[in-house]
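# Coordinate inspection notes
So the chains spell out like this:
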Amino acid sequence: MKRTAIYSLLSLVLLVITCAPFLSDTASAQSRLVRTILLDPGHGGIDSGAAAYFEDGSILREKDVNLSVAHKTAELLRAKGYRVVLSRETDRGAGEGEEVNGDGRRTYRDDLQAVVDKANEIRADLFLSLHTNGARNTEASGVEAYYCADRPTEAESWRLGVLVQASIVQALREIGYDALARVVNDDSLLYNY
């Protein structure tokens, strides 16, 4: 039975790609090899992210899609020999409901801070945040990648964003989706949201 979405969830895919901040300009090529990857399945717990509501009453939540994609991605990366850590393994916020950013309030920013803290704690060489955005406009579509430009590894982060985006677009096209490659942007654009 075909389900019709009232609200389009899988219209945009967002990856925030950031190399860890402890790499320096003078780091040798060998020390820049990616060994440890932090995968952040965006949202979780009470924050469901975008949602698609179907006529049959079922709901597809971004947090669940992101977690499923992160587990599969981790499995594939581990099979290639990478050390992969997920910011969350189950349906919970990364900060587990605790106030961790020091502002005296418990908000979604605490989960964001918990993810950054985890990346630094494990000394991640690469940080990928996975999101499946939604839009009420069902014509909105495409694959986006964001990278962190205010790090010494800006050029490598941008190149990785381009490669990841191209790989996702190609894979989607191979299974029959007319995927649009949107821009690879500096993540500072997201600060306005």
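These figures come from a predicted structure and were not determined experimentally.

Attention now goes to the overall build of the protein chain. Looking only at helices and strands, the protein chain features three helices and eight strands. From first element to last, N terminus to C terminus, the protein chain shows the α and β order β-β-β-β-α-β-α-β-β-α-β. Scored against the burial criterion, the 193 residues of the protein chain give a buried share of 40%. A fraction of 73% describes how many contacts in the protein chain between residues 6 or more apart in sequence connect residues 24 or more apart. For the protein chain, the exposed area adds up to about 11200 Å²; of that, 53% sits on carbon and sulfur atoms.

Let us look at the confidence of the model for the protein chain. For the protein chain, per-residue confidence averages 80 on the pLDDT scale, and residues scoring 70 or more make up 81% of the total. At the level of individual helices and strands, the protein chain shows its lowest average pLDDT in strand 1 (residues 8-19), which scores 40, and its highest in strand 5 (residues 83-86), which scores 96. Every residue in residues 1-31 scores below 50 in pLDDT, and together they form 109 contacts with partners more than four places removed in sequence or on other chains.

In this fold, Ala-149 is placed in the loop between strand 7 (142-147) and helix 3 (154-174). Judged by relative accessible area, which is 19%, Ala-149 ranks as buried. Through-space distance from the C-alpha of Ala-149 to that of Asn-185 is 8.9 Å; in sequence the pair is 36 residues apart. In contact with Ala-149, other than residues within four places in its own chain, are Glu-154, Asp-186 and Asp-187.

Attention now goes to the nonpolar core. Ile-37, Leu-39, Ala-70, Ala-74, Leu-77, Val-84, Leu-86, Leu-126, Leu-128 and Leu-130 form the largest nonpolar core, which has 10 residues in total. The set of elements that each furnish at least two residues to this core consists of strand 2 (36-41), helix 1 (62-79), strand 5 and strand 6 (126-135). When residues no more than four places from it in sequence are discounted, the contact partners of Ala-70 are Leu-39, Pro-41, Leu-86 and Leu-130. Formed by nine residues, the second largest nonpolar core is a distinct cluster that contains Val-115, Ile-122, Ala-124 and Phe-127.

Criteria and thresholds
Residue positions are counted from 1 within each chain, in the order its sequence is given. Reporting of local features is limited, given that this is a predicted model, to residues whose pLDDT is at least 70; pairs of side-chain atoms are given and counted only at 80 or more, and all residues count toward the totals for whole chains, interfaces and linings. The side-chain numbers reported here are obtained from all heavy atoms of the structure, hydrogens and water having been left aside. Helix and strand labels come from DSSP, where a helix needs a run of H or I of at least four residues and a strand needs a run of E of at least two; each type is numbered from the N terminus. Each residue's exposure class comes from its accessible area (1.4 Å probe, protein chains only) as a fraction of the maximum for that residue type: buried when under 20%, exposed when over 50%, partly exposed otherwise. Whether two residues are in contact is decided by their heavy atoms, any of which lying within 4.5 Å being enough. A 1.4 Å probe and the Shrake-Rupley method give the accessible areas. Residues count as covered only by the protein chains that appear here. Within a predicted model, pLDDT stands for the predictor's per-residue confidence, ranging from 0 to 100. Here, nonpolar core refers to any group of buried Ala, Val, Leu, Ile, Met, Phe, Trp, Tyr and Cys residues whose side-chain atoms link them within 4.5 Å.

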